[in-house]
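# Coordinate analysis (summary)
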Amino acid sequence: MARFAAATALASSLAYCLTAGGSAFAQAPQKPQERMVVDARELVYDNKNNSVSAVGDVQILYQGRTIEADKVTYDRASKRVIASGNARITESNGTVITGDRFNLTDDFRDGFIDSLRVVNPDKTRFTAPRAERTDGETFVFEKGIYTACEPCKDKPERPPLWQVRSARIIHKKSEQTIYYESSRLEFAGVPIAYIPYMSGPDSTVKRKSGFLSPAFINTSALGFGVGLPYFFNLAPNYDLTVTPTYLSRQGFLGQAEWRHRLVNGSYNIRAAGIFQAEPDAFQPTPYGARDSDFRGSLETTGKFYLNPRWTYGWDIAMSTDRWFWKNYRIRSESISSTTYLQESISTGYLNGQSPNAWFDLRGYYFQPLTSSDWQKQQPLVLPVFDYNKRVHKPDVIGGELAFNVNVTSLTRDAAAFQQIPAQKNFLITTPNPLYDGCAVYQKDQCLVRGIGGSVARATAEVSWRRNFIDSLGQVWTPYASVRADIFSVNPSTTGFSNANVSSIFNTSDDVFGRVMPAVGLMYRYPFVAKTSWGTHIIEPVAQFVARPNETNVLRVANEDSQSLVFDDTNLFEWSGKFSGYDRVEGGTRANVGALYTGRFGKEAYANFLVGQSFNLAGRNSFAQADLVNTGLNSGLETTRSDFVTRAQISPFKNFFLTGAARLDESTFEAQRIDAGATYSNGTVTTSVTYGRYEPQPELGIPRRREGLGLNGSLGIAQYWRVRAGVLFDLDKYKFDRERYRDAFVAAQLNPVALAALTYPKTGPFQPASMSLGINYTDECTVFDISYSQSYADRQSGATKDTRTVMFKLELRTLGEISYSQNLGQGSTGDGVASR
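Residues numbered from 1 in each chain as written. Predicted model: local features only at pLDDT ≥ 70, side-chain atom pairs only at ≥ 80, totals over all residues. Heavy atoms only, no water.

Counted at 1.5 Å a residue, the expected span for helix α4 (residues 732–746) with its 15 residues is 21 Å, and the 21 Å between its end C-alpha atoms agrees. For α4, every residue scored as buried is listed here: Lys 732, Tyr 733, Phe 735 and Asp 736. All buried residues of α4 fall inside an arc of 160° around its axis, so they share one side. Close packing links the buried residues of α4 with β44 (720–729) and β45 (766–777). (Helix = DSSP H or I, 4+ residues; strand = E, 2+ residues; numbered from the N terminus. Expected span 1.5 Å × (residues − 1). Buried < 20%, exposed > 50% of the residue type's maximum accessible area, 1.4 Å probe, protein only. Arc of directions from axis to C-beta. Contact = heavy atoms within 4.5 Å.)

A word on the side chain of Ser 51. Positionally, Ser 51 belongs in strand β3 (residues 51–62). On the accessibility criterion, Ser 51 (10% relative accessible area) is buried. Residues within four places of Ser 51 in sequence aside, it is in contact with Val 44, Tyr 45, Asp 46, Thr 73, Tyr 74 and Asp 75.

In terms of strand pairing, strand β9 (residues 138–142) meets strand β11 (residues 162–172) through five bridges, oriented antiparallel. Within β11, the position partnered with Glu 142 by the bridge is Arg 168. Bridging between strand β10 (residues 145–147) and β11 involves two bridges; their strand directions are antiparallel. Bridge assignment links Ile 145 to a residue of β11, and that residue is Arg 165. Sheet analysis places β11 next to strand β12 (residues 177–187), joined by ten bridges and oriented antiparallel. Within β12, the residue paired with Ile 170 across the bridge is Tyr 179. In this antiparallel pair of consecutive strands, β11 and β12, the connection spans four residues, and Gln 176 shows a positive phi of 55°. (Pairing = 2+ DSSP bridges.)

Take the state of the cysteines next. Counted according to the given criterion, the structure contains two disulfides. Here Cys 149 engages in a disulfide with Cys 780; their sulfurs sit 2.0 Å apart. One quick way to see it: the torsion about the S-S bond of Cys 149 and Cys 780 is about 85°, and its sign makes the bridge right-handed. Of this pair, Cys 149 sits in the loop between β10 and β11 while Cys 780 sits in the loop between β45 and β46 (781–790), and the two are 631 residues apart along the sequence. For Cys 149, a relative accessible area of 2% puts it in the buried group. You can call Cys 780 buried: its relative accessible area is 2%. Here Cys 438 connects covalently by a disulfide to Cys 446, the sulfurs 2.1 Å from one another. Its S-S torsion of approximately 75° makes the covalent link between Cys 438 and Cys 446 right-handed. (Disulfide = S-S within 2.5 Å.)

With that settled, the discussion passes to the packing of aromatic side chains. Under the definition given, this model contains 42 aromatic pairs. Ring geometry for Trp 310 and Phe 359: centres 5.1 Å apart, planes at 55°, overall tilted. Placement of the pair is Trp 310 in strand β22 (residues 310–319) and Phe 359 in strand β24 (residues 357–368), with a sequence separation of 49 residues. Taken together, a centroid distance of 5.1 Å and an interplanar angle of 15° make the contact between Phe 487 and Phe 512 stacked. Of the two residues, Phe 487 is situated in strand β33 (residues 475–491) and Phe 512 in strand β34 (residues 510–524); the sequence distance between them amounts to 25 residues. The exposure classification of Phe 487 matches that of Phe 512, with both residues buried. (Phe/Tyr/Trp six-rings, centres within 6.5 Å; stacked < 30°, edge-to-face > 60°.)

Pairing is possible between side chains that carry opposite charge, provided their charged atoms lie close to one another. Counted according to the given criterion, the structure contains 41 salt bridges. Glu 186 serves as the salt-bridge partner of Arg 184, at 3.0 Å between the closest nitrogen and oxygen. Residue class for Arg 184 comes out partly exposed when judged on its relative accessible area of 34%. A salt bridge links Glu 706 to Arg 704; the shortest N-O distance between them is 2.9 Å. Taken as a pair, Glu 706 and Arg 704 share a single burial class, namely buried. Salt bridges sharing partners connect three or more residues here, namely Glu 257, Arg 270, Glu 299, Arg 331 and Glu 333. (Salt bridge = Lys/Arg side-chain N within 4 Å of Asp/Glu carboxyl O.)

Below, the structure is given as structure tokens:
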């Protein structure tokens, strides 16, 4: 009761004094947020000094702010409020200000604070021995310290990981900006950089014009470079970023990015360009861009919603040459994610989706980014149309009825060839071989990867299937389909090497069709057994599909079905095992296999599959060679196919083993192996991958391909993690010896060249690439440094190893700084000249 009485007295006395006076208080009622609520243990009136004090666990709520202190005194003469002893102000936005002593105006807006400590809602912190707030929105911290790091829990007096110590820190809330004067950046209390003046947005800012973090680069062709982006916040829904970059060897590189968000979508436009000061730093055409003074790129991406189901968009990229993005380290969203033989893919699309249907209309333009690919051989694909609709449980027949439509049209300037069994002839031979050619343009010695001219195809297919389960638990699935294709082929026999196609392929204009009906039946009978150590399911599977023979194999310019990998994923594929529409599986075929699934305890499981395919009647489509010999050396070209297997095992939580293989049907020798193992427990993450693929000479792959990948990361301490990875090319030593043998034979009549030859010393474990890195990440800092090395690769055209060191430091709220350094010289694959 005594505490309540004291609080009531202070609320009526102190609140009266701190507001605009008794008359104002009486004339107009106050809004709830303007009323003062006071809580304290006792109230002391000092008539001599004309002051009123609240003493003991004082808490005052006024205009959204809360003041807490051991003692709060109001001086009536000066209209100042002095709070002392564990003084603390909590702002309406959650910011907490603490200090030894507050000297404030009667509305708490302005004043002086001793031994100030400010904690913002985003966990950023300011400290200063003395600070002043004016106009209710400007804080001036004398000898202030700023950090986004939390104090050490065990030793809060220890300096944070990083902090900015300034002669003055000025925070202007109206500008949402913090200014730092005469500052030092300290790490663990040790100064590492002096910054005379800088500014940055405060924690309330989402978008604000200003400079962004600089980026640094250093390569042999570009020299040392520094880029300083400037961000223009033009409106809440669009902005512009301009990045001038000075390169000591090439001059100024300009970059700009425009972003615009609309009601139904967004788009962006990126542009870059440079007038090169030293073009001689790069290789001459066609190996590099030495002959170009100006180089640049233009890119744009966009996506818009017509309604919840329909979207349209684009991802378009153009550059003056294929090496520009890589030479100048420019990010491009259009570049494919493959490591070797990268390309820029431009596309525009219209897409629609519903629960049972899918529509997609788009076009493609491909720009190769390595010297070994020729732009004239890349197709312009326009349009590609796909439509799929599924009808579940249609009347009368039940099951699922599916409709599938595809239309593809493409043009190409120059025909693309590949010599078999090994590529030894090229269209350009000196100084480095480029663009695949053939010694003899005949079907058994040369593949046609793409004809010059235009090719179009339209496909429509309807299929039906339904599951029946009998009283014994056997599952019967009948299937039926019919597919029709129309082809239009208009080859070009003029220009480049297009005339050579005529000795392999009928080059007359042609329009023809193909119809492929199919009926089939699949049988499955799962057996379930429970034991004391797990649950087991053994399921034999048999599939029978009857089709007529495939026709027009050599009349079809196979563009989308060139890749065929026979494995467990397409063993029971109803529509056939070819990857695209240009080829279709014909003949009568049976696919059989057995599947085992076991679960042991709560977390362990195992899954195994073994299967084989049989050509029962009719012509085997996989034994009929088209222009690229798709089907040959696939394991399906014989009456009895190779065996395919799959294994997935998890003996305990977080540990997984996977494997798949194709085994010769008579000798059981492995023709293809894919295996991997992964383990992760939060502290340790590791993976092992292995691949081995036997030669496929009729596809132009004369030697075995074998590789081993090792990757892992380890948390070595709180916030610290190291990582490493290496990829071994296990058969490169054979290729090196083959090259030595060919060079030795060619140098027999040249003693000087013969004496210069050195027998390769590479072994089976030849690295193809490797990387090392260390990372530190906590609530306020990200630090990362890495080293990567890509070794000379015979396919990508790189003749020298590429070694790169990258560094990144990100300080939360202050920005990020990054640096990239190439070690050593460039390679011809990059279009960079040797120095």
